[in-house]
Amino acid sequence: MRVLVTGGAGFIGSHVVEALAARGHEPVVFDVREDPGADVRDAEAVGRALAGVDAVCHQAAMVGLGSGFADAAGYVSHNDLGTAVLLAAMAEAGVGRLVLAGSMVVYGEGRYECPRHGVVRPGPRAVADLDAGRFEPPCPVCGADLAPGLVGEDAPVDPRNVYATTKLAQEHLAAAWARCAGGSAVALRYHNVYGPGMPRDTPYAGVASFFRSALARGEAPRVFEDGRQRRDFVHVRDVAAANVVALEAEAAPGVLTAYNTGSGDPHTVGEMARALAAAYGGPRPVVTGEYRLGDVRHITADSSRLRDGLGWKPEVGFAEGMAEFARAGMRGA
Ligand SMILES: NC(=O)c1ccc[n+]([C@@H]2O[C@H](COP(=O)([O-])OP(=O)(O)OC[C@H]3O[C@@H](n4cnc5c(N)ncnc54)[C@H](O)[C@@H]3O)[C@@H](O)[C@H]2O)c1
Ligand SMILES: [Zn+2]
């Protein structure tokens, strides 16, 4: 299969390229980082790149939480205009298979249960609560403590920041394309991806990268909130393998199917910092109580649809993956 990998020079995209080649496919990288002419917002360039292509694996995006609302137009441009241009070119060229890099950020706060009210959906956390160190979102009905659970694909979406909004719009665009063009679309909603080649810390990077970069500078990882926020850290090679199985699988035409892509083994951010610092042999993490508006408290996936439906399973365990990541190279900005 000849596969156009947009964002194929990025962190995840470059692992997808490697995994596709290892399976005997022919990946074609389309990434503005590698070639200034390879911008997904450029219809002509995309049209040329689609010649002879069987499927598109769309990883290109502006990522992270950014540095404030000033970035909003950039996110919308790269992520949503870019996806629209790409899909229109696919419809024009008759390329009917898409695998999209989705994200768990579409869910907002994860799934919570109140002992009295069952499954509830807490809204964004109040600044006053965060300032006072009250990081757990309370039950929106009675204010009781909530138990976090695993989010399934059918959970309601609730994007909480500009990036999340653009990742959700990408899925809606892909669903509209599948309906209109009869294509098949798969969205892999990645959880926190980490591993070799992860970009060094910028406002656009993930938390594992912040900690790893601090250790490389000889500093202690600075853990925000109280360190007990839960995430699903999934290794980049497992995410690349999920892309390969999604590209190879029979996919239903005319619809978008979403799959959570997580390790199934949630950890707190504090645990991750400790595992990484220990494996690196660096200073112990410090818990700072700082917070970022737009962050959610807990978000952990139920990835059983991907395991059962596509036969994928994660191969890299948490301890092993963090030990490798502590020694692995990172990518400069
Ligand atoms: N890293 C994570 O934890 C994570 C989690 C959920 C979803 N994702 C998604 O995975 C995908 C890949 O993310 P990543 O972490 O590898 O980020 P990355 O920044 O390393 O890679 C993105 C690549 O896209 C390219 N790109 C950006 N805009 C482009 C454009 N207009 N035209 C062509 N290329 C463009 C960049 O040059 C870069 O190489 C993104 O869609 C991201 O939203 C990542
Ligand atoms: Zn309640």
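The sections below set out a description of the structure shown in this document.

Observations regarding the packing of aromatic side chains
Link 1 in the chain: A full pass over the atoms with the stated rule returns two aromatic pairs.
Link 2 in the chain: On the numbers, 5.9 Å between centres and 70° between planes, the contact of Y194 with F325 is edge-to-face. On the criterion of sequence distance, the pair formed by Y194 in strand β9 (residues 192–194) and F325 in helix α10 (residues 318–327) is long-range, its members being 131 residues apart.

Quick word on the pattern of salt bridges
Link 1 in the chain: Tallied over the entire structure, the rule returns 21 salt bridges.
Link 2 in the chain: Here E324 ties to R237 by a salt bridge, and the two come within 2.9 Å at their closest N and O atoms. In this pair, E324 sits in helix α10 while R237 sits in helix α7 (residues 236–248), placing the two residues 87 residues apart along the sequence.
Link 3 in the chain: Residue R237 is classed as partly exposed on the basis of its relative accessible area, which comes to 39%.
Link 4 in the chain: D295 is the partner of R292 in a salt bridge, and the nearest nitrogen-oxygen pair spans 3.0 Å.
Link 5 in the chain: For R292, a relative accessible area of 28% corresponds to the partly exposed category.
Link 6 in the chain: Within this structure, E109, R125, E136, E225, D226, R228 and R297 form a network of salt bridges that share partners.

Comments concerning the coordination of the zinc ion (ligand 2)
Link 1 in the chain: Taken together, the protein ligands of the zinc ion (ligand 2) are C114 (SG), H117 (ND1), C139 (SG) and C142 (SG), with distances of 2.1 to 2.4 Å.
Link 2 in the chain: Considering all four donor atoms around the zinc ion (ligand 2), angles at the metal cover 106 to 117° and the coordination shape is tetrahedral.
Link 3 in the chain: Read in sequence order, the donor residues for the zinc ion (ligand 2) give the motif C-x2-H-x21-C-x2-C.

Comments concerning the side chain of T166
Link 1 in the chain: Relative to the helices and strands, T166 resides in helix α5 (residues 162–181).
Link 2 in the chain: Among the polar contacts listed, one links the side chain of T166 to the side chain of N79, at a separation of 3.0 Å.
Link 3 in the chain: Sequence-distant contacts of T166, defined by excluding residues within four places in its chain, comprise Y75, V76, N79 and D80.

Some words on the site of ligand 1
Link 1 in the chain: Lining the immediate surroundings of ligand 1 are 27 residues, of which F11, I12, D31, Y163 and K167 lie closest.
Link 2 in the chain: Between a nitrogen atom of ligand 1 and a side-chain N or O atom of H78, the distance comes to 2.9 Å.
Link 3 in the chain: Contact between ligand 1 and V193: an oxygen atom at 3.0 Å from a main-chain N or O atom of the residue.
Link 4 in the chain: Taking 830 Å² as the accessible area of ligand 1 by itself, protein coverage stands at 90%.
Link 5 in the chain: Considering each element in turn, the shell around ligand 1 owes the most residues, three residues, to strand β4 (residues 97–103).
Link 6 in the chain: In terms of residue class, the shell around ligand 1 is made up of 13 nonpolar, eight polar and six charged.

Some details on the packing of helix α1 (residues 11–22) against α7
Link 1 in the chain: In the contact formed by α1 and α7, the axes pass within 8 Å of each other and the chain directions differ by 55°. Taken together, the axes of α1 and α7 are oblique relative to one another. As for how α1 packs across α7, the hand of that crossing is right-handed. The residues of α7 that touch α1, namely those facing F11, I12, H15, V16, A19 and L20, are V236, R237, V239, A240, N243, V244 and L247.
Link 2 in the chain: Classifying every residue of the contact of α1 with α7 gives 10 nonpolar, two polar and one charged.

Some points on the nonpolar core
Link 1 in the chain: Counting residues in each nonpolar core, the largest one holds 46 residues, and the members touching the most others are I12, L188, V193, M272 and L276.
Link 2 in the chain: The leading source of residues in this core is α7, at seven residues.
Link 3 in the chain: Each residue touching L188, except ones within four places of it in the same chain, is listed here: V99, L100, A101, G102, S103, A242, N243, A246, Y259, T261 and L306.

Notes on the side chain of S77
Link 1 in the chain: With respect to the helices and strands, the residue S77 is situated in helix α3 (residues 72–93).
Link 2 in the chain: A polar contact of 2.7 Å, which involves the side chain of S77, links it to the side chain of R41.
Link 3 in the chain: Among all residues touching S77, those that are not within four sequence positions of it are R41 and G82.

Notes on the environment of P283
Link 1 in the chain: As for its placement among the helices and strands, P283 is situated in the loop between α8 (269–280) and β15 (286–287).
Link 2 in the chain: P283 gets classed as partly exposed once you look at its relative accessible area, which sits at 33%.
Link 3 in the chain: When neighbours within four sequence positions are excluded, P283 is seen to be in contact with L215, G218, E219, A220, P221 and A277.

Analysis parameters
Residues numbered from 1 in each chain as written. Chains lettered and ligands numbered in written order. Predicted model: local features only at pLDDT ≥ 70, side-chain atom pairs only at ≥ 80, totals over all residues. Heavy atoms only, no water. Phe/Tyr/Trp six-rings, centres within 6.5 Å; stacked < 30°, edge-to-face > 60°. Helix = DSSP H or I, 4+ residues; strand = E, 2+ residues; numbered from the N terminus. Salt bridge = Lys/Arg side-chain N within 4 Å of Asp/Glu carboxyl O. Buried < 20%, exposed > 50% of the residue type's maximum accessible area, 1.4 Å probe, protein only. Donors = N, O, S within 2.8 Å, 3.2 Å for Na, K, Ca; no water. Tetrahedral: all angles 85-135°; square planar, octahedral: opposite > 155°, others 65-115°. Polar contact = N/O pair within 3.5 Å; in protein donor to acceptor, adjacent residues only side chain to side chain. Contact = heavy atoms within 4.5 Å. Near = heavy atom within 4 Å. Areas by Shrake-Rupley, 256 points an atom, 1.4 Å probe, with all protein chains shown as cover. Nonpolar A, V, L, I, M, F, W, Y, C, P; charged D, E, K, R; others polar. Axes fitted to C-alpha atoms, helices over the stretch in contact; angles between N-to-C directions. Parallel < 35°, antiparallel > 145°, perpendicular 65-115°, else oblique. Left-handed = near helix turned anticlockwise from the far one by under 90°. Core = buried A, V, L, I, M, F, W, Y, C linked by side-chain atoms within 4.5 Å.

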